[in-house]
Structures are given as structure tokens and as C-alpha cells.
Amino acid sequence: MMLKPNLNELTKLAKDTHIETKKYFVKLKKKTPKNLDYVMQDLHDAEFKKTNCLDCANCCKTTGPLFTSADIERISKHLKQKPQQFIEQYLKVDEDDDYVLQSVPCHFLDSDNTCFIYDVRPKACREFPHTDRKKFNQITDLTLKNIPICPAAYNIVEKMKEKLPL
Ligand code: SF4
Ligand code: SF4
């Protein structure tokens, strides 16, 4: 069923659909539809036409991106800092050896949900929740983690189950 989750109900909806979605993703990997990229692009575009991320910012508040070395170079330059200074001030290394934020909400998130470094923000921020990624069948584990965070990702996956029954 399609619902329009707000952040309060998202946690419950994500929990309630978790097993079903997990099973769906297992089937998706075994039996990937030929038109998957096309359908995902469509669902992603339709969802983000009606979703205003400025009303949400839950990704910036609760998770945060990983920072590639290109991200670190670009952002530190923008902030007129040395990359090493930027790393020491804002980042830490996580269990996968990636640079991530030291704390959330993200330091660069303003009170009106805009991003102080929007033009130079990390690639992962630009691409979140990755629902228009080509070969979506390869990022289902990541998506399962993103669904409880992102109402748009939840909606897109629920629509996906309708559009691509497996
Ligand atoms: S990407 Fe998802 S979690 Fe982030 S602000 Fe937009 S709807 Fe919210
Ligand atoms: S860098 Fe900007 S877009 Fe990325 S998590 Fe922080 S506030 Fe959000």
C-alpha cells in the first residue's frame, strides 16, 4: 500500500515492511527486470517532484555522507582550510575505513534545513538516496538501510513493488 509517511510514522512503516522488502530485493537480484534502470529513474523523478527535501533533511540530521578525497579537497578549499585541518575538525574514520562526520546533525546543516556548503557538498549528499542509480539491484543492502531514514526512498521502493511485481 502506498502511504505518504511523515518522519514519525516512517520508523514504524519501515519496520513493518522490512522483511517483505528484504525478500523482494532477494528476488530482484535473482530475476532483475530488463527495464529496471528506466523504471527506477521514472519513480525517482516522480517522487522528487513532490518531495521537498527542505521540509525533511532527515538524512543530514541522522546519518550524513561518506567523504571521498575529492570531496575533502573541494570542500576544504571552499572553506579556505587545509584538507588535514578539515578532516581533524569535522571527520572521523568509520569501521569501513571511510571518512564520515564526527557527529550528526551535520555541522553544515542550517536551521532552515539548507546546506552551508550546498554547491560543493559531498557526492554522496548529491546522490542520496541513490534511487536513480543504474543497476539498482546492486545497492539493495544500502537501500534497506536508507528506507527508515528517508521517506522518499520508502515511497519509491513501495511504488517499485507495484510497478515491478516479482
Ligand atoms: S533525501 Fe530523503 S531523507 Fe534526505 S531530505 Fe530528502 S526526503 Fe528527506
Ligand atoms: S554536507 Fe550538506 S547536504 Fe551533506 S549532510 Fe551536510 S548539510 Fe546535508
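Once a new chain begins, its residue numbering starts again from 1 and follows that chain's sequence as written. Note on labels: chains are lettered from A, ligands numbered from 1, in written order. Selection of residues for local features in this predicted model requires a pLDDT of at least 70, selection of side-chain atom pairs for listing and counting requires 80 or more, and totals for whole chains, interfaces and linings are taken over all residues. With hydrogens and water stripped out, all remaining heavy atoms of the structure feed into the side-chain values.

**Student:** I'd like a rundown of the pattern of salt bridges, residues and numbers included.
**Tutor:** What counts as a salt bridge is simple: a side-chain nitrogen of Lys or Arg found within 4 Å of a carboxyl oxygen of Asp or Glu. Applying the stated rule across the entire model yields six salt bridges. Between Lys123 and Glu127 there is a salt bridge whose closest N-O contact spans 3.3 Å. Highlighted residues: Lys123 and Glu127, both in helix α6 (residues 123-127), separated by four residues, approximately one helical turn. In this structure, a network of salt bridges that share partners links the residues Glu20, Glu158 and Lys161. A helix here means a DSSP run of H or I that spans at least four residues, while a strand means a run of E at least two residues long, and both kinds are numbered starting from the N terminus.

**Student:** Describe in detail the site of ligand 2, supporting the description with residues and values.
**Tutor:** Taken together, Cys60, Pro65, Cys106, Phe108, Leu109, Cys115, Ile117, Pro122 and Cys125 form the complete shell of residues around ligand 2. Classifying every residue of the shell around ligand 2 by side-chain character gives nine nonpolar, no polar and no charged. What makes a residue near a molecule or strand is one non-hydrogen atom of that residue sitting within 4 Å of it. Amino acid classes used here: Ala, Val, Leu, Ile, Met, Phe, Trp, Tyr, Cys and Pro are nonpolar; Asp, Glu, Lys and Arg are charged; the rest, including Gly, are polar.

**Student:** Could you give an account of the packing of aromatic side chains, naming the residues involved and the relevant values?
**Tutor:** For any pair of aromatic rings, the description rests on two quantities: the centre-to-centre distance and the angle between the ring planes. What counts as a ring pair is set by centres within 6.5 Å for rings of Phe, Tyr and Trp (its six-membered ring), and what kind of pair is set by the plane angle: stacked under 30 degrees, edge-to-face over 60, tilted for all other angles. Counted under the stated rule, the structure contains six aromatic pairs. Between Phe86 and Phe108 the ring centres are 6.2 Å apart and the planes differ by 20°, which places this aromatic pair in the stacked class. Of this pair, Phe86 sits in helix α5 (residues 83-90) while Phe108 sits in the loop between β3 (99-101) and α6; the two residues are 22 residues apart in sequence, bridging distant segments of the chain. The pair formed by Phe86 and Phe108 is uniform in burial state, with each residue classed as buried. Members of the aromatic cluster, joined through ring pairs, are Phe67, Phe86, Tyr90 and Phe108. Over a ring means this: the NZ of a Lys or the CZ of an Arg is within 6 Å of the ring centre and within 35 degrees of the ring normal. Geometry around Tyr118 places Arg121 over its ring, the cationic atom sitting 3.8 Å from the centre. For every residue, the accessible area (1.4 Å probe, protein chains only) is compared with the maximum for its type, and the residue is labelled buried under 20%, exposed over 50%, or partly exposed between those bounds.

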